[in-house]
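# Architecture at a glance
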Amino acid sequence: MDQASSSKAAGPGLALPSKLAKISGVLVSLTLTFLGLTAITFVISRVMPVDPVLAIVGDRASNEVYQQVYLQLGLDKPIYIQYLRYLGQLAEGDLGTSIMTAQPVIEDIKRFFPATLELATIATLLGIFVGVPMGVFAAVHQGRWPDHIVRVVALLGYSAPIFWLGLVALLVFYAKLGWVAGPGRLDVFYDGIIEPVSGILMLDAALARDWDIFYNALSHLILPASILGTFALAYIARMTRSFMLDQLSQEYILTARVKGIPESQVIWRHAFRNVLVQLITIIGLTYASLLEGSVLTETVFSWPGIGQYITNSLFNNDMNAVLGGTIVVGACFVGINMLSDLLYRLVDPRIR
Amino acid sequence: MAEQLTLRGWLLAEVPRSKWQARSQRFYIGWLEFRRNPVAVIGLIIILGLVGVAALAPWITGSDGLEPDLVNRLQAPSAAHWFGTDQLGRDIFDRIIWGSRITLYIVALVGIIVVPIGLVVGVIAGYLGGLVDSVLMRVTDIFLAFPRLILAMAFVAVLGPGLENAVLAIALTTWSPFARIARAEALTVRNSEFILAAQVQGVSTAGILTRHVAPLCLSSVIVRLTLDMAGIILTAAGLGFLGLGAQPPTPEWGAMISLGRQYLIDQWWVPTVPGIAILVVSLGFNLLGDGLRDVFDPKSGG
């Protein structure tokens, strides 16, 4: 309150510094959160029952070799030095080497990440394009049957275990009806034909103008994306509904109606515009949680994304890969959350 | 006078005569509010059903759900086996019933770990304020910003797969919202007169926190816990499905889906039925949580 009135008193000249203050505030919390994340993965990598030296030299190495690697890894140094060293390695993009693939973890992640990105992006888009109209529709018809249907659908989307939903969808749409392609990103037949440019198959296929592959990729993608998107849809529909209800009960809506403005304009031009700002945050949150939540969907649909990479590595005791994946997904999650928070703060003039 | 003699009259009397009466009245009025919301009542019925089924499991089931019966494997649902049998010939209905105990065990355990941590952190931060508050809330915010499932997976990777470890991993990633809520409540009561009175009487800070501040924060925390239960159940089932939670032959629902996965196409009931059980229970908690939130905090209802 104080801040708001003082900046008003000082006039518009202060607008820029206050924006800078917002940005720096978000940056500080971003840095702290990221440090927290790395601290946790660091602790996990120290606590785990695998001896990092033995993992490198093998158990038949002589004592001297063991000692040498022990010193090389800096395990004789105090713990905070080790942590700083770990941070330094992270900054250089060094996540260690995967035992399973015998490649640097960062290279593996570069290979697996586009698949997850593709899946989560399409799922979020589905959630937005279906969820937002559903929410608006429900709010406009509050208390009547369209509202009840939307609420029930949203609740079911919230409550259903996503991996089970995926299995049921595979059973119905792939095995029984044959409407879509099965697990994986492409039919085996098409594998490796297209030169990966972005790693996002549909984009690459479109660039190469190979429409057979494009449709095949689409047919593989549509089911997992819809399943992953149900959660996004439920959440977005529910929040849109509640934001819209808030706006529709405001007095300016009454004014607009009294002035004789058509109802569709009142809804979309007046109320929805004000909801849009709040929706940014919600969509950001959803996107971040889908990047993370795709782990289960990827397992069900054998989707070669980062979630499956982490799960497989976990079962092979490949801790570098698990922690590397955790850091990358965690960083994306934290980054997107902070970004949407920042956008919200910058766009909404009411927040100071 | 006649009004006073009925239970309802006693519960709705304008001036309560005892602490016990006042407390009962608060519950009763909350219940009247809650009862008006049919959706919430359905949620309550589902959860009570879950508890009932878990308690009566030995009398409802015909087997312990663990003993293989290979002669009768993968049988379709029938009068003898309502939900069919699984790949080892175990009755799926019995396994679902026994599994309800595991689900309750998971949510109870997570609740027991998470609520005290959240209360302690939140109440201390909110009541003491200043530097303590800043530091504690920073830590809370850091945990709040983490991706839950991935972090739980990383924790399980260190601790090793298993039901208790999965619970611990979930608890480590879910306590933060409770600390935030407890802090917000503690902030509102911190400057009340009864707190001042307690301070003047020389009650120690620890005494004020445990006996005066914490109990007032509890109801919001419990409501939030109910709302989070569905998420906890889904995460636990997800970890079970990935093979990181309860291990076979435990009839945990997520693990049952995972084991039944390969029979999806020809024996659809094996992986499908446990999923319905998860859906129903998680729906129940969501409905109940929504209803409780409307009773305790009508403004935030969505």
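## What to know about the overall build of chain A
A count of helical and extended segments in chain A gives 14 helices and zero strands. Listed N to C, the secondary structure of chain A is α-α-α-α-α-α-α-α-α-α-α-α-α-α in terms of helices and strands. Residues classed as buried in chain A amount to 47% of the 352 residues present. Taking the intrachain contacts of chain A between residues at least 6 apart in sequence as the baseline, contacts between residues at least 24 apart amount to 72%. Carbon together with sulfur atoms contributes 64% to the accessible area of chain A, which is approximately 17,900 Å² in total.

## Side note on the overall build of chain B
The helix and strand tally for chain B stands at 14 helices and zero strands. Order of helices (α) and strands (β) in chain B, N terminus to C terminus: α-α-α-α-α-α-α-α-α-α-α-α-α-α. Counting only C-alpha atoms, chain B reaches 75 × 60 × 30 Å along its principal axes. The long-range share in chain B, meaning contacts at least 24 apart out of those at least 6 apart in sequence, stands at 67%. About 14,300 Å² of surface is accessible on chain B, with carbon and sulfur atoms providing 66% of the total. Where the 21 positive side-chain charges of chain B centre and where its 20 negative ones centre are 9 Å apart.

## Observations regarding a nonpolar patch on the surface
Taken together, the side chains of A:I79, A:Y80, A:I81 and A:L84 present a nonpolar region at the surface, about 410 Å² in accessible area. With respect to the helices and strands, A:L84 occurs in helix 5 (residues 79–91).

## Some remarks on helix 14 (residues 269–296) of chain B
With 28 residues, helix 14 of chain B should cover 40 Å at 1.5 Å per step; its first-to-last C-alpha distance of 40 Å lies within 8% of that length. Here helix 14 of chain B lies mainly inside the structure; 24 of its 28 residues are buried.

## Topic: the domain arrangement of chain A
Residue and element names in this part refer to chain A. Assigned domains of chain A: these are domain 1 (2–76) and domain 2 (106–347). Centre-to-centre, using C-alpha coordinates, domain 1 lies 29 Å away from domain 2. Taken residue by residue, the interface counts 13 residues in domain 1 and 13 residues in domain 2. In this structure, the connection of domain 1 to domain 2 is made through zero salt bridges. Put simply, domain 1 and domain 2 have zero residue pairs in polar contact (both at pLDDT 80 or more) between them. Of the residues belonging to the side of domain 1 that touches domain 2, the class tally is seven nonpolar, four polar and two charged.

## Focus: the packing of aromatic side chains
Residues and elements named next belong to chain A. This model, assessed by the stated rule, comprises 17 aromatic pairs over all chains. Aromatic side chains Y158 and Y235 sit 6.4 Å apart centroid to centroid with 40° between the ring planes, which places their arrangement in the tilted category. Highlighted residues: Y158 in helix 7 (residues 145–159) and Y235 in helix 10 (residues 211–248), separated in sequence by 77 residues. Take Y235: its relative accessible area is 18%, and that puts it in the buried class. Its end group placed over the ring of Y158, R238 keeps NZ or CZ at 4.8 Å from the ring centre.

## Observations concerning the packing of helix 6 (residues 105–140) of chain A against helix 14 (residues 319–347) of chain A
Residues and elements named next belong to chain A. Viewed as axis vectors pointing N to C, helix 6 and helix 14 meet at an angle of 55°, and their least axial separation amounts to 10 Å. As summarised for this structure, helix 6 and helix 14 are arranged oblique, according to the angle between their axes. The two elements helix 6 and helix 14 meet at a crossing, and its hand is right-handed. Seen from helix 6, the contacting residues are V105, I109 and F113; seen from helix 14, they are N320, A321, G324, G325, V328 and C332. Looking at the contact of helix 6 with helix 14, its residues break down into six nonpolar, three polar and no charged.

## Digging into the pattern of salt bridges
The final tally for this structure, using the stated rule, is eleven salt bridges over all chains. Between A:R111 and A:D108 there is a salt bridge, and its shortest N-O distance comes to 2.9 Å. Of the two residues, A:R111 and A:D108 are both situated in helix 6; the distance of three residues between them amounts to about one turn of the helix. For B:R95, the salt bridge goes to B:D86, with nearest N and O atoms at 3.5 Å.

## A look at the side chain of A:E292
Mapped onto the fold, A:E292 is located in helix 12 (residues 263–300). Here A:E292 occupies a buried position and makes no salt bridge, while the nearest side chain of opposite charge, B:R148, is found at 7.5 Å. What A:E292 contacts, discounting residues up to four positions off in sequence, is A:V329, A:F333, B:P147, B:R148, B:L149 and B:I150.

## Some thoughts on the interface of chain B and chain A
At the interface, 41 residues of chain B touch 46 residues of chain A. With both sides pooled, the region where chain B packs onto chain A buries about 3,900 Å², and carbon together with sulfur makes up 80% of that total. The interface formed by chain B and chain A includes one salt bridge. The tally of links from chain B across to chain A stands at nine residue pairs in polar contact (both at pLDDT 80 or more). If you list the elements that add at least two residues to the side of chain B that touches chain A, you get helix 7 (130–144), helix 8 (148–159), helix 12 (205–242), helix 13 (253–260) and helix 14 of chain B. Here the element with the most residues in the side of chain B that touches chain A is helix 14 of chain B; it accounts for twelve residues. Residue composition of the side of chain B that touches chain A, by class: 28 nonpolar, eight polar and five charged.

Criteria and cut-off values
- Residues numbered from 1 in each chain as written.
- Chains lettered and ligands numbered in written order.
- Predicted model: local features only at pLDDT ≥ 70, side-chain atom pairs only at ≥ 80, totals over all residues.
- Heavy atoms only, no water.
- Helix = DSSP H or I, 4+ residues; strand = E, 2+ residues; numbered from the N terminus.
- Buried < 20%, exposed > 50% of the residue type's maximum accessible area, 1.4 Å probe, protein only.
- Contact = heavy atoms within 4.5 Å.
- Areas by Shrake-Rupley, 256 points an atom, 1.4 Å probe, with all protein chains shown as cover.
- Lys, Arg positive; Asp, Glu negative; His and termini not counted.
- Charge placed at Lys NZ, Arg CZ, Asp CG, Glu CD.
- Patch = residues over 30% accessible without salt bridge, like charges linked within 9 Å, V, L, I, M, F, W, Y side chains within 5 Å.
- Salt bridge = Lys/Arg side-chain N within 4 Å of Asp/Glu carboxyl O.
- Expected span 1.5 Å × (residues − 1).
- Domains from an automatic or database assignment.
- Polar contact = N/O pair within 3.5 Å; in protein donor to acceptor, adjacent residues only side chain to side chain.
- Nonpolar A, V, L, I, M, F, W, Y, C, P; charged D, E, K, R; others polar.
- Phe/Tyr/Trp six-rings, centres within 6.5 Å; stacked < 30°, edge-to-face > 60°.
- Lys NZ or Arg CZ within 6 Å of the ring centre and 35° of its normal.
- Axes fitted to C-alpha atoms, helices over the stretch in contact; angles between N-to-C directions.
- Parallel < 35°, antiparallel > 145°, perpendicular 65-115°, else oblique.
- Left-handed = near helix turned anticlockwise from the far one by under 90°.
- Buried area = accessible area lost by both parts, 1.4 Å probe.

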